[in-house]
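Observations on chain architecture
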Amino acid sequence: MEKFVPVVVIKELSETDKILTALKQSGIHTAEITFRTACAAEAIAYAVKNYPDMEIGAGTVINAKQCEEALAAGATFIVSPGLSESVAKICAAKNIPYYPGCVTPTEIMAALELGITTVKFFPANVYGGLKALKALSAPFPQVKFIPTGGVDRSNIDEFLAFDKIAAIGGSFFVKEALEKMEAEK
């Protein structure tokens, strides 16, 4: 996994090329396409087929049905806003990385019991940001985090400097890439 995981919301399939091209032009080769829209599975399948040099995952996966749809579409990793045991079991059986949202010690312990050592920390700004991640790392030294929500250019370097950060997630990567692409036209 790259250090940057753009959270990509595709409302219409026709947006896929523009967004993924912009990300690639910005040097980002990963996209977490969210399951918040009707065309999510179709967008993932399209992205996997047309952008083979990118790692395409599914985000906002909240149940087993969505997980199966995402994997059938070709997603190479799954992200959830919380921890779903059924999603974790499907991903483990298929050897697919699963990054559940975990912000409390109890949630992190549940993830560890499922064999998960990298978790999404969402929304990072609401749950204490970097200060909270450092505190949680003391009792869980084996855990890596993907903070998402409230991470932006103003604080990204602080997060990246912490050795327990696996990657940074966020929709701001998409916004920046699109703005950069428009400015270069």
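Just above sits the structure.
Report on the accompanying structure.

What counts as what
Residues numbered from 1 in each chain as written. Predicted model: local features only at pLDDT ≥ 70, side-chain atom pairs only at ≥ 80, totals over all residues. Heavy atoms only, no water. Helix = DSSP H or I, 4+ residues; strand = E, 2+ residues; numbered from the N terminus. Buried < 20%, exposed > 50% of the residue type's maximum accessible area, 1.4 Å probe, protein only. Contact = heavy atoms within 4.5 Å. Areas by Shrake-Rupley, 256 points an atom, 1.4 Å probe, with all protein chains shown as cover. Lys, Arg positive; Asp, Glu negative; His and termini not counted. Charge placed at Lys NZ, Arg CZ, Asp CG, Glu CD. Phe/Tyr/Trp six-rings, centres within 6.5 Å; stacked < 30°, edge-to-face > 60°. Lys NZ or Arg CZ within 6 Å of the ring centre and 35° of its normal. 1 Å grid on protein atoms, 1.4 Å probe; cavity = no way out; pocket = protein on both sides within 12 Å on 5 of 7 lines; lining within 4 Å. Points joined across faces, edges and corners; volume = space filled by probe spheres on them. Nonpolar A, V, L, I, M, F, W, Y, C, P; charged D, E, K, R; others polar.

Focus: the overall build of the chain
Within the chain, the secondary structure is distributed over eight helices and eight strands. Considering only C-alpha atoms, the chain reaches an extent of 50 × 35 × 25 Å along its principal axes. The buried share of the chain, reckoned over its 185 residues, is 47%. Here the analysis covers contacts within the chain between residues at least 6 apart in sequence; of these, 56% occur between residues at least 24 apart. Of the roughly 8600 Å² that the chain leaves accessible, carbon and sulfur atoms contribute 55%. Positive and negative charge centroids in the chain, built from 18 and 21 side chains respectively, lie 2 Å apart.

What to know about the packing of aromatic side chains
Overall, the coordinates contain four aromatic pairs when judged by the stated rule. When the ring of F4 is compared with that of F173, the centres are 5.0 Å apart and the planes differ by 45°; the resulting orientation is tilted. Of this pair, F4 sits in strand β1 (residues 4–8) while F173 sits in helix α8 (residues 172–183), and the two are 169 residues apart along the sequence. An aromatic cluster is built from F4, F172 and F173, whose rings are joined through pairwise contacts. For the cation-ring pair, K120 lies above F122, with the distance from its terminal atom to the ring centre recorded as 4.7 Å. The residue whose ring lies beneath K134 is F162, and the NZ or CZ to ring-centre distance is 5.7 Å.

Observations concerning empty space enclosed by the protein
According to the stated counting rule, one finds one cavity of 30 Å³ or more in the structure shown. A volume near 40 Å³ is recorded for the largest cavity. Taken together, M1, V5, E32, F77, V79, Y99, K120 and I146 make up the lining of the largest cavity. Residue composition of the lining of the largest cavity, grouped by class: six nonpolar, no polar and two charged.

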